[in-house]
Amino acid sequence: MLGRTANGLFWMFRYLERAENTARLLDAGLRMALTRDLVTAEEEWRSVISTSGQRGGYEAKHATYSGQQAWNFILRDKDNPSSILAMFGQVRQNARLARNAISGELWEAINENWLTIKDQLSKPVGENRVLETVATIRRAGTMARGAMEGSMLRNEGYHFAQAGAFIERGDSIARILDIKYYLLLPSLSYVGSSLDTGQWDQVLRSVSGDRAYRWLNAGQIDARGICDFLILDDCFPRSLAFCHSELRANLAALARLHGQEGESNALMRAADTRLADLTIDDVFEQGLHEFLVDFTASNVAIGNAIAKDYRFLS
């Protein structure tokens, strides 16, 4: 497979995952802000902007954190290269680069949803339309993944796409946990102390894990339990452990197809060694922030090594 095509598949699904994760975060933030007074709601929007990694760009343009201002910046602002509109544009552009390696069903899912999202975001989004718009973006991700799972050969193209998706998903979950941890626990207090239940519930909602977590934990919202769930529960498809497992499997498949392993496989084994048999006590003993920084750095290194191993074009 040409490096250009592999690169297109890898980044198509990275941007798709990033757009959907940002939409989930926006959805959770909106629902939380609607239950708060004006001052607390502004703090909620500040949290959403910070977690999405867009605070610098936002504050260069806006002095306050009103809801409509915040969600339009995230969704469609032309001066924001990390807006969901810009990200989905990248999804479609990379799909075009890899057009000969994806199924017709996947191309249709990407193209049709791009046209719908572009139309919905052609003008500022009011409060009466924001949830509908977020739902459209989340549905676009679901449709694209469904089309890929149901119609693509399990060849190297499929594994490049999956590797991109799980690299991005792991990075997103680690970032949400790290930033929320600092916002919710600004002191050096231990994580098991009394915390704002509503905010930790938002963490779960932002990764669509609220129902699964409550089912496993009899509805009890507990910061320590949430961290355990999002880091180490390999049954939850958005946990760091699950992302690692899927990434490892897809990199191993690529190595088999190419007849040799690369630096990405070696880095993956080293990351597995660090995560194997880890407990939540070990995580907190190291420090949650330190653990997440290490995880993110490892994730970035693996992503760079994939590009190097398979000669992606820059």
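Residues numbered from 1 in each chain as written. Predicted model: local features only at pLDDT ≥ 70, side-chain atom pairs only at ≥ 80, totals over all residues. Heavy atoms only, no water.

### Overview of the packing of helix α1 (residues 3-33) against helix α4 (residues 67-76)
Phase 1: In contact at an axis separation of 11 Å, α1 and α4 are set at 170° when each is read in the N-to-C sense. Relative to α4, α1 is oriented roughly antiparallel. Taken together, the residues of α4 that come into contact with α1 (itself represented by Thr22, Leu26 and Leu30) are Trp71, Ile74 and Leu75.
Phase 2: Partitioned by chemical class, the residues of the contact of α1 with α4 number 5 nonpolar, 1 polar and no charged. (Axes fitted to C-alpha atoms, helices over the stretch in contact; angles between N-to-C directions. Helix = DSSP H or I, 4+ residues; strand = E, 2+ residues; numbered from the N terminus. Parallel < 35°, antiparallel > 145°, perpendicular 65-115°, else oblique. Contact = heavy atoms within 4.5 Å. Nonpolar A, V, L, I, M, F, W, Y, C, P; charged D, E, K, R; others polar.)

### Considering helix α11 (residues 223-232)
Phase 1: Of all the 10 residues making up α11, 8 are buried; the element is thus mostly covered by neighbouring parts of the structure.
Phase 2: Of the residues making up α11, those classed as buried are Ala223, Gly225, Ile226, Cys227, Phe229, Leu230, Ile231 and Leu232. (Buried < 20%, exposed > 50% of the residue type's maximum accessible area, 1.4 Å probe, protein only.)

### Regarding the nonpolar core
Phase 1: Judged by nonpolar contacts, the single largest core of 66 residues is most densely connected at Trp45, Leu75, Leu106 and Ile306.
Phase 2: Considering each element in turn, this core owes the most residues, 13 residues, to α1.
Phase 3: Judged by nonpolar contacts, the second largest core, of 27 residues, contains Ala223, Ile231, Phe236 and Leu240. (Core = buried A, V, L, I, M, F, W, Y, C linked by side-chain atoms within 4.5 Å.)

### Some details on unusual backbone geometry
Phase 1: Positioned with a positive phi, Ser208 is a non-glycine residue whose angle comes to about 55°.
Phase 2: By the secondary structure assignment, Ser208 is in the loop between α9 (197-206) and α10 (210-217).
Phase 3: Within the chain, Asp277 stands out as a residue other than glycine whose phi angle is a positive 60°.
Phase 4: Mapped onto the elements, Asp277 comes out in the loop between α13 (263-275) and α14 (280-286).
Phase 5: The class for Asp277 is exposed, based on a relative accessible area of 76%.

### Quick look at the environment of Asn21
Phase 1: If you trace the backbone, Asn21 turns up in helix α1.
Phase 2: Sequence-wise, Asn21 and Arg169 are 148 residues apart; in three dimensions their C-alpha atoms are separated by 7.8 Å.
Phase 3: Once you skip the residues sitting within four places of it in the chain, Asn21 turns out to touch Glu168, Arg169, Ser172 and Arg238.

### Examining the packing of aromatic side chains
Phase 1: The tally for this structure, following the rule as stated, stands at 9 aromatic pairs.
Phase 2: Centroid distance Tyr58 to Phe73: 5.2 Å. Interplanar angle 90°. Geometry classified as edge-to-face. Residue Tyr58 is found in helix α3 (residues 55-61), and its partner Phe73 is found in helix α4; the two are separated by 15 residues along the sequence. Each member of the pair, Tyr58 together with Phe73, is buried.
Phase 3: Aromatic side chains Phe160 and Tyr310 sit 5.1 Å apart centroid to centroid with 80° between the ring planes, which places their arrangement in the edge-to-face category. (Phe/Tyr/Trp six-rings, centres within 6.5 Å; stacked < 30°, edge-to-face > 60°.)

### Considering the state of the cysteines
Phase 1: As enumerated under the stated definition, the model contains 0 disulfides in all.
Phase 2: Cys227 forms no disulfide, and the closest cysteine sulfur to it belongs to Cys243, at a distance of 16 Å.
Phase 3: Free cysteine Cys243: the closest other cysteine sulfur is in Cys235, separated by 14 Å. (Disulfide = S-S within 2.5 Å.)

### Here's the deal with the environment of Thr22
Phase 1: Counting through the fold element by element, Thr22 comes out in helix α1.
Phase 2: Thr22 gets classed as buried once you look at its relative accessible area, which sits at 9%.
Phase 3: Remark: the alpha-carbon pair of Thr22 and Gly146, spanning 124 residues in sequence, is separated by 19 Å.
Phase 4: In this view, Thr22 contacts Gln54, Ile74, Ile84 and Met87; residues no more than four positions away in its chain are not counted.
Phase 5: Here Arg18 takes part through its backbone oxygen, which lies 2.8 Å from a polar atom of the side chain of Thr22. (Polar contact = N/O pair within 3.5 Å; in protein donor to acceptor, adjacent residues only side chain to side chain.)

### A word on the pattern of salt bridges
Phase 1: What the rule picks out here adds up to 22 salt bridges.
Phase 2: One salt bridge connects Arg175 with Asp171, and the closest N-O pair in it is separated by 2.8 Å. Taken together, the residues span about one helical turn, with Arg175 and Asp171 both in helix α8 (residues 156-184) at a distance of 4 residues.
Phase 3: Its relative accessible area of 13% is what places Asp171 among the buried residues.
Phase 4: Residue Asp210 pairs with Arg205 through a salt bridge whose shortest N-O separation is 3.6 Å. (Salt bridge = Lys/Arg side-chain N within 4 Å of Asp/Glu carboxyl O.)

### Comments concerning the environment of Leu275
Phase 1: Structurally, the position occupied by Leu275 is in helix α13.
Phase 2: Given a relative accessible area of 15%, Leu275 falls into the buried group.
Phase 3: C-alpha of Leu275 to C-alpha of His244: the two residues are 31 residues apart in sequence and 8.9 Å apart in space.
Phase 4: With near-sequence residues (within four places) excluded, Leu275 lies in contact with Leu232, Ala241, His244 and Phe291.

### Here we look at the confidence of the model for the protein
Phase 1: Overall, the predicted model of the protein reaches an average pLDDT of 89, with 93% of residues at or above 70.
Phase 2: Contacts from residues 186-195, a stretch scored under 50 in pLDDT, to residues over four places away or in other chains number 13 contacts. (pLDDT = per-residue confidence, 0-100.)

### Considering helix α7 (residues 130-151)
Phase 1: Counted at 1.5 Å a residue, the expected span for α7 with its 22 residues is 32 Å, and the 32 Å between its end C-alpha atoms agrees.
Phase 2: Every buried residue of α7 is accounted for by Val130, Thr133, Val134, Thr136, Ile137, Ala140, Gly141, Ala144, Ala147 and Met148. Taken around the axis of α7, the buried residues stretch over an arc of 160°, which confines them to a single face. (Expected span 1.5 Å × (residues − 1). Arc of directions from axis to C-beta.)

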